[in-house]
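Residues per chain are reported as follows:
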Amino acid sequence: MFEKEYDVIVVGGGHAGSEAAAAAANMGSKTLLITMNLQNIAQMSCNPAMGGIAKGQIVREIDALGGYSGIVSDKTAIQFKMLNKSKGPAMWSPRVQSDRMRFAETWRLMLEQTENLDFYQEMVSGIMVEGDRVVGVKTSLGLAVRAKSVILTNGTFLNGLIHIGEKQFGGGRAGEKAATGITKDLVDLGFDAGRMKTGTPPRVDGRSLDFSKMIIQPGDDSPEKFSYLDITQPLKEQRPCHMTYTSSTVHELLKEGFDRSPMFNGAIKSLGPRYCPSIEDKINRFAHKDRHQLFVEPEGWDTVEYYVNGFSTSLPEDVQFKALRQVAGFENVKFFRPGYAIEYDYFPPTQLKHTLETKLVSGLYFAGQINGTTGYEEAASQGLMAGINAHLKVCAKDPFILKRNEAYIGVLIDDLITKGTEEPYRMFTSRAEYRTLLRQDNADFRLTPKSHAIGLATEDRLRKMDEKKEKSDNFVAFFKETSVTPEVINPILENKESAPVAQSDKMFKMFSRPNITMDDMRTIDDVERYIQEHHLDHEVLQQAEIQVKYAGYIQKEKNNADKLNRLEGIKIPENFDYNRLKSLSYEAREKLSTIKPTTVSQASRISGVSPNDISVMLVYMGR
């Protein structure tokens, strides 16, 4: 069946694997996606949603680069919200509730329509290596499939172990078996491996819930979307979510099962996500709180299945059921399936290069939960970057690396390979030091030209971005060049309790005042006339407003990024011997020798490497 050698083999069909396969194939590599069950491509294993704080920025970046996640999210959304709208635009984060079944179906159909992409359903049980380079994979049926590069995106399947109370059974996801063999091969090659844990809540029957006892959570009045392309449209109608609370009664009932909880009786030894803890962990760590929020989320347009966000648990099913029935609106709840925890193998990501290629084996890439991350969005972005870089390596082209000031994806990958992680890594806006530059609204400006240059983003996508940028730049120039008289602007300023002006001034200066909005400026005839004559849409208006109101902050961050990027230009030789620098601290020598940073800038971000250590390196390197 597999006489030819593939350019890229992608192992695993989750969010990382799907993006990796699409990217490599779209760039021209002959690609094979091997997964244990083709019916579960891009399955939403946990919550039926995409985006959120910082995660929404990542989805927009994936879309700007030419990935599929934003398009699929738009096509299968049942609700849209722009989170953090009360804060500055650096914090705005788009999020959708998704139709779980349609999401996976849409991904499958889009992949099937992608040229250069083959599919095969089977378990990969090992990798084939000759010398220091990967040459293919082995399957559980004994097939050997050769390839110039391999991307591992195994999710929670590597020696996955599911926990429900005192019950344990192998599995990578409820109802699916674990994957075996790959971990042993990698450890035998010299890779370090570890274990992580994640969890999921019960799924319940919406027909058994009383929504009148809950607080309705509608979508935005004017919903937006993820993709910058016109092939998707904002939602015309939306399904609401609901919110309810646990109580001290619920907590007491949950505590009755603590002696049978794998989290507390020693059965689970690995760390779970700090910022998405199980309900038993929450009531144990935050004992002073007598209630916690639960979000009741529909799984799709037509299904009656609901996801109980905030009630992730591995307690015995009888304890879960008894406690959940004490939650307002859940008095008669029926379970579709109980919550569970899952432990799985991961490989500390300090063993990777910025391209996500492993340092030990040439042509072998890791993406997603195998690197210690949690979340669909984090996984998808790594898959995209691994797919891009696997293709570029096969074609003997320069790698594609995003810096920390260019994308949240750049922050994510740099954090992983420079700092590593001992608990599931989740992206937050606070992890990005340049978040004013990395807004969700300008991901296309930042990334589409870069992606088009390497052959992924289409000509149509670039043209649309150029048109939007030209319109927004021209609109900002209009504000800078056009004056407004006191008679016109003062009524607006007085209405917003802002100091009036005595003489004409540029509109840009008036618009820059914190409490003056685009809607205020549109009451000026000249502004509204310009908008209508130039056919400016919501995206252009939003972009122009941000450019006017945050011009000073944006320039300051650009200056700071430029300073840091000077250190990015100082390369460190690949086999540099840090033991020669006796003035380095012992910890710095140890960390630098292990991580092998490629630039002085990356070295400066390693935990335990001090500014003094960096000065020593700069002096030594003739700086």
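Quick notes on the rules
Residues numbered from 1 in each chain as written. Predicted model: local features only at pLDDT ≥ 70, side-chain atom pairs only at ≥ 80, totals over all residues. Heavy atoms only, no water. Helix = DSSP H or I, 4+ residues; strand = E, 2+ residues; numbered from the N terminus. Expected span 1.5 Å × (residues − 1). Buried < 20%, exposed > 50% of the residue type's maximum accessible area, 1.4 Å probe, protein only. Arc of directions from axis to C-beta. Contact = heavy atoms within 4.5 Å. Pairing = 2+ DSSP bridges. Axes fitted to C-alpha atoms, helices over the stretch in contact; angles between N-to-C directions.

## Quick look at helix H1 (residues 15-26)
Piece 1. Between the first and last C-alpha of H1 there are 16 Å, a value that for 12 residues agrees with the 16 Å anticipated at 1.5 Å per step.
Piece 2. The buried fraction of H1 is high, at 11 of 12 residues.
Piece 3. With its phi angle positive at about 115°, Gly 28 sits one or two positions after the end of H1.

## A short note on helix H16 (residues 525-533)
Piece 1. Every buried residue belonging to H16 is among Val 527, Tyr 530 and Ile 531, and all of these are buried. The arc enclosing the buried residues of H16, seen along the axis, measures out at 100°, which places them on a common side. Turned more than 90 degrees from where H16 packs its buried face, Asp 525 and Glu 533 sit exposed.
Piece 2. Where H16 is buried, its residues meet helix H12 (459-481), helix H14 (507-511), helix H15 (518-521) and helix H17 (538-549).
Piece 3. Positioned one or two residues after H16, His 535 has a phi angle of 55°, which is positive.

## Looking at the sheet that holds strand S3 (residues 49-51)
Piece 1. One open sheet accounts for three strands, arranged S3-S5-S4; its pairing is antiparallel. The open sheet has two free edges, formed respectively by S3 and strand S4 (77-83), since each of these has just one partner strand. Adjacent strand axes in the sheet meet at a mean angle of 15° when their direction is disregarded.
Piece 2. Taken together, the six bridges between S4 and strand S5 (residues 93-98) define a ladder with antiparallel strand orientation. Residue pairing in the sheet places Ala 77 in a bridge with Ser 98 of S5.

## Brief notes about the sheet that holds strand S19 (residues 340-346)
Piece 1. Strands sit in the order S11-S10-S19-S12 across an open sheet of four strands; the sheet is antiparallel. Bordering the open sheet on either side are strand S11 (167-170) and strand S12 (194-200), each of which pairs with just one other strand. Here the strands of the sheet are splayed against their neighbours by 25° on average, with no regard to which way each runs.
Piece 2. Relative to S19, strand S10 (residues 161-164) runs antiparallel, the two sharing three bridges. Within the sheet, the bridge partner assigned to Ile 162 lies in S19 and is Ile 342.

All we've got here are geometric facts, nothing functional implied.
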